[in-house]
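Geometric and topological summary
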Protein chains: 4
Amino acid sequence: MFEHTARVEMAHTDAAGVVFFARYFDLLHRAYEDLMRQLGFPLEDLLARGGQALPVIHASADYRLPLFYGECYRVEIRVLKVGRRHFELGHRLLKEHDSLCCEATTAHTLVQLEQKKAIPLPDALRSALLALE
Amino acid sequence: MFEHTARVEMAHTDAAGVVFFARYFDLLHRAYEDLMRQLGFPLEDLLARGGQALPVIHASADYRLPLFYGECYRVEIRVLKVGRRHFELGHRLLKEHDSLCCEATTAHTLVQLEQKKAIPLPDALRSALLALE
Amino acid sequence: MFEHTARVEMAHTDAAGVVFFARYFDLLHRAYEDLMRQLGFPLEDLLARGGQALPVIHASADYRLPLFYGECYRVEIRVLKVGRRHFELGHRLLKEHDSLCCEATTAHTLVQLEQKKAIPLPDALRSALLALE
Amino acid sequence: MFEHTARVEMAHTDAAGVVFFARYFDLLHRAYEDLMRQLGFPLEDLLARGGQALPVIHASADYRLPLFYGECYRVEIRVLKVGRRHFELGHRLLKEHDSLCCEATTAHTLVQLEQKKAIPLPDALRSALLALE
């Protein structure tokens, strides 16, 4: 399991006084970006090399409790599945007292941009993800 | 079915050159806000009255095709389910030539804020949603 | 003068119940993107051609009145200055009863990306901007 | 001088491959929120108490160098001016090798919400700001 902690910023909230539902995916993606760096596969390198991308092909979230401005939260990421060309991650966002605010799943596929087709994940990435499973 | 058309703005895109996956939910919510106005249940009134909220309790999306800066798109919203205390909407975001970029589902519950509990949807809203089903 | 009208979305607001100060620049840029399309110089073409960019090199805003969720607003853009390599725009964002919410200025420079240097604006763009002055 | 360090997230970038000009204000506000916590005047307390707000009434930025996805940056905040009812902050955002990406100024006023008028800053806040000057 990978953990990432941060704090809710004003920019994440909306006029209902809570984190806007779409912004949770920003918070989870920030944690995921850290995970990829830790796994030795930083997205900035993928972007700089060009030619390939690792788009999110599925995202879903269930919202359990509201998250307010200034609250500290923790994101836990678990590896749910590692396929040849894609992988799935499970995310839990918790605040104080381990209160669960949001559970989410994302799926990611490696794509060769010119031919617009999914390609096998590098072995090193597969291994790093499997080690976390 | 409800339809909403708009164009991708620079603020929706990311360094991968496409609409950021989380931003699709912003685009879909903009369409949903228009829908609620058309149904006679504008969210600004709910917000102004206070005491109640209509949070998104579930959101999921499958991403089929990338959406680029400046492209025009159309959001179609269908009513999937109308319960006593919540409803579900199905969203399709299509671009030129009716190419499907994203399919999504959202679920919404009416909440009494002080008691933090779900309450029945107003009959007028239920009827308006059912008429669209 | 160029005009653009739109409505405040939930995604633009923050927990203080108003449009977040940084989000005004998103609203103004949306209007500016429409202006550039009308002038025959759509930013999507610039992006697609590659090699050049038109970054914002200065932005400033004075906030006069809060803007609330669901309010309709109008952005007025005036051309303040057209130089050889850059131009300046003046923006006013007004809501109902012509109430001024925000006055802003932005400056934009055309850049040759490989050599990282400012280059002359195309004559057609200069003329189109000057015609609007 | 107050310092805050962070890293550029995918959500901050746009299709031009750099941090979107408006998003710099999000990055600077995040640093400012940390500053206010350090000064003993967290914005979440102001929000929770209700009745008052501390809106940004002016914001301006000059953009010097592009900031790319994944880059680490440092925000330096200096107190430029402390008035009876408002204060001004100077922000510098620097990346690796102390390269200056953005210089900005923001002005903030304390407002009594019901009467919609500026009110004197608490002495404790004035002192804390002056100590940083």
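Residues numbered from 1 in each chain as written. Chains lettered and ligands numbered in written order. Predicted model: local features only at pLDDT ≥ 70, side-chain atom pairs only at ≥ 80, totals over all residues. Heavy atoms only, no water.

1. What about the overall build of chain A?
Scanning chain A for helices and strands turns up three helices and eight strands. Scanning chain A from its N terminus toward the C terminus, one meets helices and strands in the order β-α-α-β-β-β-β-β-β-β-α. In summary, chain A has a C-alpha radius of gyration of 16 Å against a globular reference of 14 Å for 133 residues, a match within 12%. Dimensions along the principal axes, computed over C-alpha positions, put chain A at roughly 45 × 30 × 20 Å. With 133 residues in all, chain A has 57% of them scored as buried. The long-range fraction of contacts in chain A, counting pairs at least 24 apart against all pairs at least 6 apart in sequence, stands at 63%. Accessible surface, chain A as shown: approximately 5,600 Å² in total, 50% of it carbon and sulfur. (Helix = DSSP H or I, 4+ residues; strand = E, 2+ residues; numbered from the N terminus. Rg over C-alpha atoms; globule rule 2.2 N^0.38 Å. Buried < 20%, exposed > 50% of the residue type's maximum accessible area, 1.4 Å probe, protein only. Contact = heavy atoms within 4.5 Å. Areas by Shrake-Rupley, 256 points an atom, 1.4 Å probe, with all protein chains shown as cover.)

2. Here we look at the state of the cysteines
All names here are of chain C. Per the stated rule, a full pass over the model turns up zero disulfides over all chains. Just so you know, Cys-72 is unpaired, no disulfide at all, and the nearest cysteine sulfur is the one on Cys-101, 12 Å from it. No disulfide involves Cys-101; its sulfur sits 8.0 Å from that of Cys-102, the nearest cysteine. (Disulfide = S-S within 2.5 Å.)

3. Quick look at the pairing of strand S6 (residues 99-109) of chain D
All names here are of chain D. Most of S6 sits out of view: eight of its 11 residues are buried. Inspection of the sheet shows strand S3 (residues 56-63) paired to S6 by seven bridges, in the antiparallel sense. Its bridge partner lying in S6, Tyr-63 is registered against Cys-102. Taken together, the 10 bridges between strand S5 (residues 86-95) and S6 define a ladder with antiparallel strand orientation. Its bridge partner lying in S6, Phe-87 is registered against His-108. Remark: three residues form the turn of the hairpin made by S5 and S6, two consecutive strands paired antiparallel; His-97 in that turn has positive phi of roughly 60°. (Pairing = 2+ DSSP bridges.)

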